Amino acid sequence: GAMAERTQLKGFITFTVLMTSIIYPIVVYWGWSGSGVFNFTDEAGESKSVVGPPLIDFAGSGLVHMVGGIGALCGAVIVGPRKGRYDPETEAHFQGHSIPLCVLGTFFLWFGWYGFNPGSTGAMHDKATANVAGLVAVNTTLSPCVSGLLVFLLRATVVSPKLLDVG
């Protein structure tokens, strides 16, 4: 998404193939295998980790979003800003994003997360697993709410121009 409108198809395909065939498999192996890059075998033959206990990554979200975010940042830095975005002659006519469509897309994602996140608990066959799924659903609600409030407060008090809207 960070590069989608700014690259040719061959560049985007190259980036996607590199991410999905080389970078992503190496990083998730390091995180999810239990014998990743920071593990070693001690004198007793036991597998030990340099950084402590193994990574607990619920539904893979930590590694997936870390790799995707760093990849998007690197791609955006390499490709640069959209044409005309910071050009003084065309900056006033630059077409920004559609805020209603951004909000609609966010609601679509949020709705999908209610199926994916609690469903990632793997089962709800007893009270304990149902409670875990419920806690995941609550976190799915609270996380974006807190993020939205934080953006609202930063926009109103820190980021210029200090406004109480997103427009």
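Everything here concerns the structure above.
First things first, this report covers the structure right here in the doc. (Residues numbered from 1 in each chain as written. Predicted model: local features only at pLDDT ≥ 70, side-chain atom pairs only at ≥ 80, totals over all residues. Heavy atoms only, no water.)

1. Details of the side chain of N117
Secondary-structure assignment places N117 in helix α3 (residues 99-119). Looking at N117, its side chain comes within polar contact range of the side chain of T140, at 3.1 Å. (Helix = DSSP H or I, 4+ residues; strand = E, 2+ residues; numbered from the N terminus. Polar contact = N/O pair within 3.5 Å; in protein donor to acceptor, adjacent residues only side chain to side chain.)

2. Some thoughts on the nonpolar core
Judged by nonpolar contacts, M19, V27, V28, L63 and V67 together constitute the single largest core of five residues. Breaking this core down by element, the ones donating at least two residues are α1 (9-32) and α2 (61-79). Among the elements that line this core, the one with the most residues is α1, at three residues. Those residues in contact with V27 that lie beyond four places of it in its chain are L63, M66 and V67. (Core = buried A, V, L, I, M, F, W, Y, C linked by side-chain atoms within 4.5 Å. Buried < 20%, exposed > 50% of the residue type's maximum accessible area, 1.4 Å probe, protein only. Contact = heavy atoms within 4.5 Å.)

3. Some thoughts on a nonpolar patch on the surface
A cluster of nonpolar residues, L18, I22, I23, I26, Y29 and W30, forms a patch on the protein surface that exposes about 560 Å² of accessible area. The residue L18 is located in helix α1 in this model. (Patch = residues over 30% accessible without salt bridge, like charges linked within 9 Å, V, L, I, M, F, W, Y side chains within 5 Å. Areas by Shrake-Rupley, 256 points an atom, 1.4 Å probe, with all protein chains shown as cover. Salt bridge = Lys/Arg side-chain N within 4 Å of Asp/Glu carboxyl O.)

4. Examining the side chain of T140
Mapping T140 onto the fold places it in helix α4 (residues 127-157). Setting aside residues up to four positions removed in sequence, T140 forms contacts with W110, W113, Y114 and N117.

5. Notes on α3
If you check α3, its first and last C-alpha atoms are 30 Å apart, about what 21 residues at 1.5 Å a residue would give, namely 30 Å. Along α3, the sharpest kink reaches roughly 30 degrees, centred on W113. For α3, the complete set of buried residues consists of W110, N117 and P118. Looking at the buried residues of α3, the elements they touch are α4. (Expected span 1.5 Å × (residues − 1). Bend = angle between axes of the 7 residues up to and from the residue.)

6. Some remarks on the packing of α1 against α2
At a closest axis distance of 10 Å, the pairing of α1 and α2 adopts a crossing angle of 140 degrees. Taken together, the axes of α1 and α2 lie oblique to each other. Note that α1 runs across α2; the crossing there is right-handed. Of α2, the residues touching α1 (which contributes F15, M19, I23, Y24, V27, V28, G31 and W32) are L63, V64, M66, V67, G71 and G75. (Axes fitted to C-alpha atoms, helices over the stretch in contact; angles between N-to-C directions. Parallel < 35°, antiparallel > 145°, perpendicular 65-115°, else oblique. Left-handed = near helix turned anticlockwise from the far one by under 90°.)

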